[in-house]
Each structure stands twice: as C-alpha cells, then as structure tokens.
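Coordinates in review
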Amino acid sequence: MITIDKAIDINAPVAQVYKFWQNFENFAEFIGSVESIKRTGEHTSHWVVRGPMRTKVEFDALTTENIENKSIKWHSTHADNEVEEVKSEGSLTFKENGSMTNVQLIFSYSLPNALANKVAETMNAFGFPQKDFDKGLETIKTKIETDA
C-alpha cells in the first residue's frame, strides 16, 4: 500500500478542529485529488478520488472509530463478490498543545491491479498526491483559523 503521512499544527481549539474534520465532505472542498465524499449512512460514505493519469477511483468506506476530539479512523469496504477493488484506510489524530491543535493524517491505498499500483508508486515518487495533500492541509488550516 502507498501511505501518505502528514501532520499540521492549527491555531484553534481541538474541539473546533475535530468538528471540521468530522465532516468528511469537507475533504473534497480542500484536497484536489478528492472529487467527492458522500455520507451513505451513520458510519458509511462513498468516495470518488482522482488518481494519476486522469483515472477516477470509487470506493465505499466504513468509519471504524470516532472518538470526540481525539481520533477518526476509516477503511474501505467491498461486496463479497467484487474481484478487483481499491483498498484504503485512513486515520486522523488530534492532539491539543496549548492553543494549538496538531492534526496527523495517515492515508493508505492500493489500486485494483499490479500495473495501476506501479503507476501510482511512480507518481508517488514524484510527489502525487502528497503535494496535493500538503496544499489541501494548508488551505484547511487557513479556513479553520480564519473561522476561529
């Protein structure tokens, strides 16, 4: 699996930062490679993500942990009859440090076939989608701090 591990300090209380991130739909507004995320149930969502070379990947996700002001975790889910599938998992961890909140985002994924994974690994070496996540996190930081 390809893993993206990012951390950022946001000058806002942990409750405000957690509340923003709890709404997965926000990711699509700020992280360019995330086209859309729609809640499909209390703990489920449908994700559409743009990959390398104009590919579009869709998957369903299950929120497996949601501890207020501490952490959110999720992973992809699939029907039993699916042969080729995207595998993904992610976590957000929130740590209060005075007036700042440190957010750590870890997102891992693998694509449905070996060739797609090789392309993704190559693109990863050139900074895709890490640079997209860096830009998105900075935009989210500005949004949360401005709304404080």
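Our subject is the structure listed above.
Residues numbered from 1 in each chain as written. Predicted model: local features only at pLDDT ≥ 70, side-chain atom pairs only at ≥ 80, totals over all residues. Heavy atoms only, no water.

What follows concerns the nonpolar core. Trp21, Phe27, Trp47, Trp74, Leu92 and Phe94 are the most contacted members of the largest nonpolar core, which totals 34 residues. A total of 5 residues in this core trace back to one element, the largest contributor, which is helix H1 (residues 14–22). (Core = buried A, V, L, I, M, F, W, Y, C linked by side-chain atoms within 4.5 Å. Buried < 20%, exposed > 50% of the residue type's maximum accessible area, 1.4 Å probe, protein only. Helix = DSSP H or I, 4+ residues; strand = E, 2+ residues; numbered from the N terminus.)

Here we take up the packing of aromatic side chains. All chains considered together, the criterion is met by 13 aromatic pairs. For the pair tryptophan 47 and phenylalanine 59, a centre-to-centre distance of 5.5 Å together with 20 degrees between the ring planes defines the contact as stacked. Of the two residues, tryptophan 47 is situated in strand E3 (residues 44–50) and phenylalanine 59 in strand E4 (residues 56–67); the sequence distance between them amounts to 12 residues. For tryptophan 47, a relative accessible area of 2% gives the class buried. (Phe/Tyr/Trp six-rings, centres within 6.5 Å; stacked < 30°, edge-to-face > 60°.)

Let us look at H1. Burial in H1 covers these residues: Val14, Val17, Tyr18, Phe20 and Trp21. Each buried residue of H1 sits inside an arc of 160 degrees when the element is viewed along its axis, so together they form one side. (Arc of directions from axis to C-beta.)

Another aspect to go through is the sheet that holds strand E2 (residues 34–39). What the 7 strands build is an open sheet, ordered E1-E7-E6-E5-E4-E3-E2; its pairing is antiparallel. The sheet is open, and its two borders are formed by strand E1 (2–10) and E2, each paired with just one other strand. Pairs of neighbouring strands in the sheet enclose a mean axial angle of 20 degrees, with direction left out of account. Here 5 bridges tie strand E5 (residues 71–77) to strand E6 (residues 87–97), and the two strands are oriented antiparallel to one another. Bridge pairing links lysine 73 to serine 91 in E6. (Pairing = 2+ DSSP bridges. Axes fitted to C-alpha atoms, helices over the stretch in contact; angles between N-to-C directions.)

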